[in-house]
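# Fold and geometry: a report
Read off the chains here:
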Amino acid sequence: MWNSWLAQEKLKWKLEKNDVSHESGSAFVSLMSDYLSIQSFLSRRQSFSVIDVRSPLEFSRGHIPGAINIPLFDDKERADVGTIYKKSGKNKAILQGLKYTGEKLQELASNILPLVRENQVFIYCWRGGMRSGSMGWLVSLFNVNCFLLERGYKEFRRFVLEVLSRKFLFQVIGGKTGSGKSDILKELKKRGEQVIDLESLANHKGSAFGYILKQQQPTQEQFENMLAIELNNFDISKKIWIEDESRMIGRVAVPKLIWEEIRNSKVFFMDLPVEARIDYLLSQYTDLDHSQLIDSLNSISKRLGGNRTKMAEKELAEGNLAEFCKIILEYYDSAYEYGLSKREQSSIQYVKGLNVDPHNVDFFLKQGI
């Protein structure tokens, strides 16, 4: 009923503008807005607003990077409509949906219209069905060109998993904690290289020090979404620089196939003395107070062991930050050395003579695949 009425209203509007013939029998989806494939949707959305009309809970679990959440239903309303659909059928669910949305059409339109750029907006829901179609109809009343994602966010997730299964020409920057690997990646990116910064995407430093700033990490799903979008933008025939990581970066995991690709790729191991790495770490965390460092220590205390934890606490209490770092690095160094030993040794190139100056990337720029 809802679909039929919307289709009739849109058809009347198009007939008045001579946009379609009287013989047109197009379905609701083609009458309301233009549906785009996932590749077309992602490439054409770049300069425009993308609206996710799913519920806040759905959005928080994962969404297309850069999308703005303007939900047609809140979490409770979505649950109610879904329950009614299962128990009483589609028509009653539509009527309940109309009850919820009818009262807030003006608010929805008022939220979306300021986001319209060059008279275009991009909208998606879970399956590319009634929620995005309804919002597309609403926006079209204002003569705005609305583009909907065919098969919705579900199709985007299929696309994400497909991207993460591709083969990439990774060039891996390795080195123990404090080697300045992330800074090297940032400088390579400035020089025009293709770079993936996993720690930045995960919003985590990748070691005990990653817990210090206590920044919120993305969900696993959203981490994968962001990673896939970046990888999809690259030329896969060319090398991509990436940091040597353990499988877990804080609470999120590097997708299995990507991690295996990293482990099987050539790694440039920055072989720096512990003193240089301690100096680097102290320069990075000079403004942190002792409570933050204690929190960081506590996050690995079980793996560090009781004795070394007490020693680190003692050094920190006495203000010996260099010794504090050294104790923690003993644990991380042994863990990294174990991981490095599991690699094919012929894939490791030991790089000596470089310091932690992030601008010192000429060596890497000269490397081929």
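See the structure shown above.
Quick summary incoming for the structure in this document. (Residues numbered from 1 in each chain as written. Predicted model: local features only at pLDDT ≥ 70, side-chain atom pairs only at ≥ 80, totals over all residues. Heavy atoms only, no water.)

### Quick word on the nonpolar core
Within the largest apolar cluster, 44 residues are counted, with the highest numbers of intra-cluster contacts made by Phe-156, Phe-170, Ile-196, Leu-198, Leu-231 and Ile-258. Ignoring anything within four residues of it in the chain, the contact list for Leu-198 reads Phe-223, Leu-227, Ile-242, Glu-243, Glu-245, Ile-249, Val-254 and Ile-262. Judged by nonpolar contacts, the second largest core, of 21 residues, contains Val-81, Ala-93, Ile-112 and Val-121. (Core = buried A, V, L, I, M, F, W, Y, C linked by side-chain atoms within 4.5 Å. Buried < 20%, exposed > 50% of the residue type's maximum accessible area, 1.4 Å probe, protein only. Contact = heavy atoms within 4.5 Å.)

### Describing the packing of helix α14 (residues 274–284) against helix α18 (residues 321–341)
Put simply, α14 and α18 touch, their axes get as near as 10 Å, and they point 115 degrees apart. Crossing hand, α14 versus α18: right-handed. Across the interface between the two elements, Val-274, Arg-277, Ile-278, Leu-281 and Leu-282 from α14 touch Leu-321, Ala-322, Cys-325, Lys-326, Leu-329 and Asp-333 from α18. Here the contact of α14 with α18 is built from residues that sort into 8 nonpolar, no polar and 3 charged. (Axes fitted to C-alpha atoms, helices over the stretch in contact; angles between N-to-C directions. Helix = DSSP H or I, 4+ residues; strand = E, 2+ residues; numbered from the N terminus. Left-handed = near helix turned anticlockwise from the far one by under 90°. Nonpolar A, V, L, I, M, F, W, Y, C, P; charged D, E, K, R; others polar.)

### Description of the sheet that holds strand β7 (residues 195–196)
Across the sheet, which stays open at both edges, the 5 strands sit in the order β7-β8-β6-β11-β12 with parallel pairing between neighbours. Of all strands in the sheet, those with a lone pairing partner are β7 and β12 (348–351), marking the two edges. Where strand β11 (residues 266–270) and β12 come together, 4 bridges link them in parallel fashion. Counted as the bridge partner of Phe-269 is Tyr-350 from β12. This element, helix α10 (residues 181–190), spans β6 (169–175), β7, β8 (239–243) and β11 of the sheet and lies at about 155 degrees to β8. (Pairing = 2+ DSSP bridges.)

### Points about unusual backbone geometry
Peptide bonds are, in most cases, trans, and in most cases residues other than glycine have a negative phi. Despite not being glycine, Asn-119 shows a phi value in the positive range, around 60 degrees. Take Asn-119: its relative accessible area is 35%, and that puts it in the partly exposed class. The backbone phi angle of Arg-151 is positive, close to 65 degrees, even though this residue is not glycine. Turning to its location among the elements, Arg-151 is positioned in the loop between β5 (145–149) and α9 (152–163).

### Quick look at the packing of aromatic side chains
Scanning the entire structure with this criterion turns up 17 aromatic pairs. Between Tyr-331 and Tyr-332 the ring centres are 5.0 Å apart and the planes differ by 75 degrees, which places this aromatic pair in the edge-to-face class. Of the residues examined, Tyr-331 reaches a relative accessible area of 14% and is grouped as buried. In this structure Tyr-332 comes out as buried when scored by relative accessible area, which is 14%. Of the aromatic side chains, those joined through ring pairs into one cluster are Phe-41, Phe-48, Phe-122, Tyr-124, Trp-126, Phe-147, Tyr-153, Phe-156 and Phe-159. Taking NZ or CZ as reference, Arg-44 lies 4.6 Å from the ring centre of Phe-147, over its face. Here Arg-54 stacks its cationic end above the ring of Tyr-153, 4.0 Å away from the centre of that ring. (Phe/Tyr/Trp six-rings, centres within 6.5 Å; stacked < 30°, edge-to-face > 60°. Lys NZ or Arg CZ within 6 Å of the ring centre and 35° of its normal.)

### Side note on the pattern of salt bridges
Counted according to the given criterion, the structure contains 21 salt bridges. Here Lys-104 ties to Glu-77 by a salt bridge, and the two come within 2.7 Å at their closest N and O atoms. Of this pair, Lys-104 sits in the loop between α6 (90–102) and α7 (105–112) while Glu-77 sits in helix α5 (residues 75–88), placing them 27 residues apart in sequence. Across this residue pair, the class does not change: Lys-104 and Glu-77 are buried. Arg-343 is the partner of Asp-244 in a salt bridge, and the nearest nitrogen-oxygen pair spans 2.9 Å. Residue Asp-244 is located in the loop between β8 and β9 (248–249), and its partner Arg-343 is located in the loop between α18 and β12; the two are separated by 99 residues in the primary sequence. In this pair, the class of Asp-244 matches that of Arg-343, namely buried. (Salt bridge = Lys/Arg side-chain N within 4 Å of Asp/Glu carboxyl O.)

### Section: the sheet that holds strand β3 (residues 68–69)
Remark on secondary structure: sheet strands pair via backbone hydrogen bonds, oriented parallel or antiparallel. In spatial order, the strands read β1-β5-β4-β2-β3; together these 5 strands make up an open sheet with parallel pairing. Each edge of the open sheet is held by one strand with a lone partner, namely β1 (34–36) and β3. As paired elements, strand β4 (residues 120–124) and β5 share 4 bridges and run parallel to each other. Counterpart to Phe-122 in the pairing with β5 is Phe-147. Strand contacts of helix α8 (residues 130–140): β1, β4 and β5, with the helix running at about 160 degrees to β4, the strand carrying the most contacts.

### Some thoughts on the environment of Thr-309
With respect to the helices, strands and loops of the structure, Thr-309 is situated in helix α17 (residues 306–317). Through-space distance from the C-alpha of Thr-309 to that of Ile-328 is 8.5 Å; in sequence the pair is 19 residues apart. Every residue in contact with Thr-309, bar those within four places of it in the chain, is listed here: Leu-297, Ser-301 and Leu-304. Side-chain polar atoms of Thr-309 contact the backbone oxygen of Gly-305, separated by 2.7 Å. (Polar contact = N/O pair within 3.5 Å; in protein donor to acceptor, adjacent residues only side chain to side chain.)

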